[in-house]
Amino acid sequence: MEETTTFQGLRHLFMTVFLHGFSAFIVVPVITDVSMAALCPGTDECSLAIYLSGFQQAITGVGSLMMMPLVGSLSDKHGRKSLLTLPMALNILPLAILAYSRETSVFYIYYVLKTFTSIFCEGSVFCLALAYVADNVSENHRASAFGILTGIGSCAFVCANCCARFLSTTATFQVATTVAIFSTVYMRIFLPDSIRDNSLVTSIVSTEKLSYVLLEDYPAHRNQISRTLRSVREMASLMRSSVPLFQVAMVSFFSSLSEAGLHASSMAKFHFNKDQFADLMIIFGIAGSVSQLLFMPILIPALKEEKLLSIGLFFGCAHMFLLGMAWSAWVPYMAAMFSLVSIFPQSCMRSIVSKQVTSYEQGKAQGIISSICSLANVISPLAFSPLTGWFLSERAPFNFPGFSLMCAGFTMTIAFILSLMIRATTPVADMGSP
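Throughout this description, residue numbers start from 1 for each chain and increase along the sequence as written. Where totals are concerned, whole chains, interfaces and linings use all residues; where local detail is concerned, this predicted model gives features only for residues with pLDDT of at least 70, and gives and counts side-chain atom pairs only at 80 or more. Side-chain metrics rest on all non-hydrogen atoms present in the structure, leaving aside hydrogens and water.

Focus: the overall build of the protein chain
Check the secondary structure of the protein chain and you find 19 helices and zero strands. The buried share among the 434 residues of the protein chain stands at 56%. Whether two residues are in contact is decided by their heavy atoms, any of which lying within 4.5 Å being enough. Of all intrachain contacts in the protein chain linking residues separated by at least 6 positions in sequence, the fraction that spans at least 24 positions is 84%. Throughout, the Shrake-Rupley method with a 1.4 Å probe supplies accessible areas, and for residues the shown protein chains are the sole cover considered. Counting every atom, the protein chain has about 18900 Å² of accessible surface; 67% of that belongs to carbon and sulfur. A run of H or I in DSSP counts as a helix once it spans at least four residues, and a run of E counts as a strand once it spans at least two, with each numbered from the N terminus. When accessible area is computed with a 1.4 Å probe and restricted to protein chains, residues below 20% of their type maximum are described as buried, those above 50% as exposed, and intermediate ones as partly exposed.

A word on unusual backbone geometry
Residues other than glycine seldom take positive phi values, yet Lys 304 does so here, at roughly 70 degrees. Tracing the sequence through the fold places Lys 304 in helix α14 (residues 274–324). Of the residues examined, Lys 304 reaches a relative accessible area of 45% and is grouped as partly exposed.

A closer look at the pattern of salt bridges
Whenever a carboxyl oxygen of Asp or Glu lies within 4 Å of a side-chain nitrogen of Lys or Arg, that contact is scored as a salt bridge. Tallying each qualifying case throughout the model produces three salt bridges. We note a salt bridge from Arg 80 to Asp 135, for which the minimum N-O separation is 2.7 Å. Here Asp 135 lies in helix α7 (residues 124–136) and Arg 80 lies in helix α4 (residues 80–90), a separation of 55 residues in the sequence. Between Glu 305 and Lys 355 there is a salt bridge, with its nearest N and O atoms 2.9 Å apart. Taken together, the residues Glu 305 in helix α14 and Lys 355 in the loop between α17 (344–354) and α18 (362–392) connect sequence positions 50 residues apart.

A few points about a nonpolar patch on the surface
Patch definition: residues above 30% relative accessible area lacking any salt bridge, with like charges linked at up to 9 Å and the nonpolar side chains Val, Leu, Ile, Met, Phe, Trp and Tyr linked at up to 5 Å. A surface patch of nonpolar side chains, amounting to about 360 Å² of accessible area, comprises Ile 181, Val 185, Ile 189 and Phe 190. By the secondary structure assignment, Phe 190 is in helix α9 (residues 169–190).

Looking at α9
Quick reminder: α-helices carry 3.6 residues per turn. Residues three or four places apart thus point the same way. Expected span of a helix: the number of residues minus one, times 1.5 Å. When the terminal C-alpha atoms of α9 are compared, their 31 Å separation across 22 residues agrees well with the 32 Å that a helix rising 1.5 Å per residue should span. Elements that come into contact with the buried residues of α9 comprise α1 (11–25), α2 (28–39), α4 and α5 (92–100).

Digging into the nonpolar core
Most often, soluble globular proteins keep nonpolar side chains buried together rather than apart. Core analysis: the largest hydrophobic core is formed by 38 residues, its most contacted members being Val 248, Val 251, Leu 309, Leu 313 and Cys 348. In terms of residue count, α14 provides more of this core than any other element does, nine residues in total. Filtering out sequence-adjacent residues up to four positions away, Cys 348 remains in contact with Met 296, Ile 300, Glu 305, Leu 308 and Leu 309. With 30 residues, the next largest nonpolar core counts Leu 83, Phe 120, Cys 127 and Ala 145 among its residues. What makes a nonpolar core is a set of buried Ala, Val, Leu, Ile, Met, Phe, Trp, Tyr and Cys residues whose side-chain atoms join them at distances within 4.5 Å.

Looking at the environment of Ser 183
Relative to the helices and strands, Ser 183 resides in helix α9. Sequence separation of Ser 183 and Phe 18 is 165 residues, and the distance between their C-alpha atoms is 8.5 Å. Beyond its immediate chain neighbours, meaning those up to four positions away, Ser 183 contacts Thr 16, Leu 19, His 20 and Met 88. For the purposes of these results, a polar contact is taken to be a pair of N or O atoms within 3.5 Å, where, inside protein, one atom must be able to donate a hydrogen and its partner to accept one; residues adjacent in sequence count only when each atom of the pair is a side-chain atom. Engagement of the side chain of Ser 183 in a polar contact is seen with the backbone oxygen of Ala 180, the distance being 2.8 Å.

Thoughts on α18
For α18, spanning 31 residues, the distance from its first C-alpha to its last is 44 Å, which sits close to the expected 45 Å at 1.5 Å a residue. At Ser 380, α18 shows its maximal kink, close to 30 degrees; a proline, Pro 381, follows between one and four residues later. Axes are fitted to the seven residues ending at a residue and to the seven starting at it; the angle between these axes is taken as the bend at that residue.

As for the packing of α7 against helix α8 (residues 139–164)
Simply put, an axis is a line fit to the C-alpha atoms, just over the touching stretch for a helix, and the angle between two N-to-C directions goes from 0 to 180 degrees. In contact at an axis separation of 10 Å, α7 and α8 are set at 150 degrees when each is read in the N-to-C sense. With respect to each other, α7 and α8 are oriented roughly antiparallel. With respect to the hand of their crossing, α7 and α8 are arranged in right-handed fashion. Of α8, the residues touching α7 (which contributes Phe 126, Ala 129, Leu 130, Val 133 and Ala 134) are Arg 142, Ala 145, Phe 146, Leu 149 and Thr 150. For the contact of α7 with α8, the class distribution of residues is eight nonpolar, one polar and one charged. The labels follow the angle: roughly parallel below 35 degrees, roughly antiparallel above 145, roughly perpendicular from 65 to 115, and oblique for the rest. Whether a crossing is left-handed or right-handed is set by the direction in which the near helix is turned from the far one by less than a right angle, anticlockwise for left-handed and clockwise for right-handed. Residue polarity is assigned by list, with Asp, Glu, Lys and Arg as charged and Ala, Val, Leu, Ile, Met, Phe, Trp, Tyr, Cys and Pro as nonpolar; anything else, Gly included, falls into the polar class.

Observations concerning the packing of α4 against α9
Viewed as axis vectors pointing N to C, α4 and α9 meet at an angle of 170 degrees, and their least axial separation amounts to 10 Å. Between α4 and α9, the interaxial angle falls into the category roughly antiparallel. Here Lys 81, Ser 82, Leu 84, Thr 85, Met 88 and Ala 89 of α4 come into contact with α9, specifically with Ser 183, Thr 184, Met 187 and Arg 188. Of the residues assigned to the contact of α4 with α9, the class counts are four nonpolar, four polar and two charged.

So, the confidence of the model for the protein chain
This prediction gives the protein chain a mean pLDDT of 80; 80% of its residues lie at or above 70. Summary of the metric used: pLDDT quantifies the predictor's per-residue confidence within the range 0 to 100. When mean pLDDT is compared element by element in the protein chain, α9 scores highest at 95, while helix α10 (residues 212–215) scores lowest at 35. Scored below 50 in pLDDT, residues 196–222 makes 62 contacts in the model with residues more than four places away or belonging to other chains.

Digging into the environment of Pro 381
Considering the arrangement of structural elements, one finds Pro 381 in helix α18. By relative accessible area, which is 24% here, Pro 381 ends up partly exposed. Separated by 327 residues in sequence, Pro 381 and Gly 54 place their C-alpha atoms 8.5 Å apart. Excluding its chain neighbours within four sequence positions, the residues that come into contact with Pro 381 are Gln 57 and Pro 386.

Re the state of the cysteines
Note on disulfides: each one is a pair of cysteine sulfur atoms within 2.5 Å. Scanning all chains against the criterion turns up zero disulfides. Here Cys 155 stays free of any disulfide, with the sulfur of Cys 159 as its closest cysteine sulfur at 6.3 Å. Residue Cys 155 is classed as partly exposed on the basis of its relative accessible area of 23%. Cys 159 supplies the cysteine sulfur nearest to Cys 162, a cysteine that is in no disulfide, at a spacing of 6.7 Å.

Put into structure tokens, the structure is as follows:
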């Protein structure tokens, strides 16, 4: 596929991301009830479901931390389309199991399969989609394209939650399975691969941005699996080799840590049930979709990624501090409008990262940032969940139910301060084409 400065050539990718996101998001509102019914039928509380969910989240997060750099690196070698096929196909299996039955024994089969498939599938489709966009969109238009891609994901989230309200549990999983199958078939038929030569050799990256030794393939390092076993050391070397990447990695870690803490704490503080929480998420999704699809393409040329990143994080801080001091249950609904601006940072960070590497290192770079986000999602419940429970209990040292939300706001403030230190990025020129 030729590089494009318009987004018409990405329509098949956008459709693939929408369909895949729809199949994943539509089951989110009902999976809690399914888990409760299978593990603790007839009860309102289920400690086993909480422990299993926490264990699954931890395993998925740690696994994604190791797998994302591998997935991205393999896509640099073998093409985005080949690597997209595996997670999209694996995603069908857990959905099909619950579409067939939701009895206790079947649920345990689903749980084990979901845990192992999520290690590879969680976030990999979006990571590879980002790399695909970077392959096919010029650097000046890349941030807007990333924003549109994120907006498409938000649209899928809104549509999926709305559809879930009108479907039975059985129909929900049947629809999710059907859409997941269709999205995989659609991608295989219509999506052209952005890497035309499967015998690619990794391009050398400018030494001003990334370490030559780190990113060049030596004959002794041809085995991708062997290289993945050293992925943590590779990530550390990469961060030391490029100041902008290190800064973006730190901003990504603290912002992801804060956002995960926000979702865990807000539902507990305001005692939202699943329908109220779903309504709030739909408002977030609609605001994010409008912002990414309409406003970001206009703002990026005027402000550039670095300024828009800081602006988005500032409004993210304001959102969390407002929730921490909220005096009524209607405040979160009003504060949700902050997402019109606070949705910008993710796309901006991905665009800054994409400019630090050549076109044939996009998968590796995006995978490393995704793995850092996964690490933050593992740490966040360990830090914020006990803090939330402590300040909502009678044993709280002082009366401040929103203290954990304020702490999440302070964590976002760290990300905001770090973002101010990121200088305007200079794109890395490809020193060779495969």
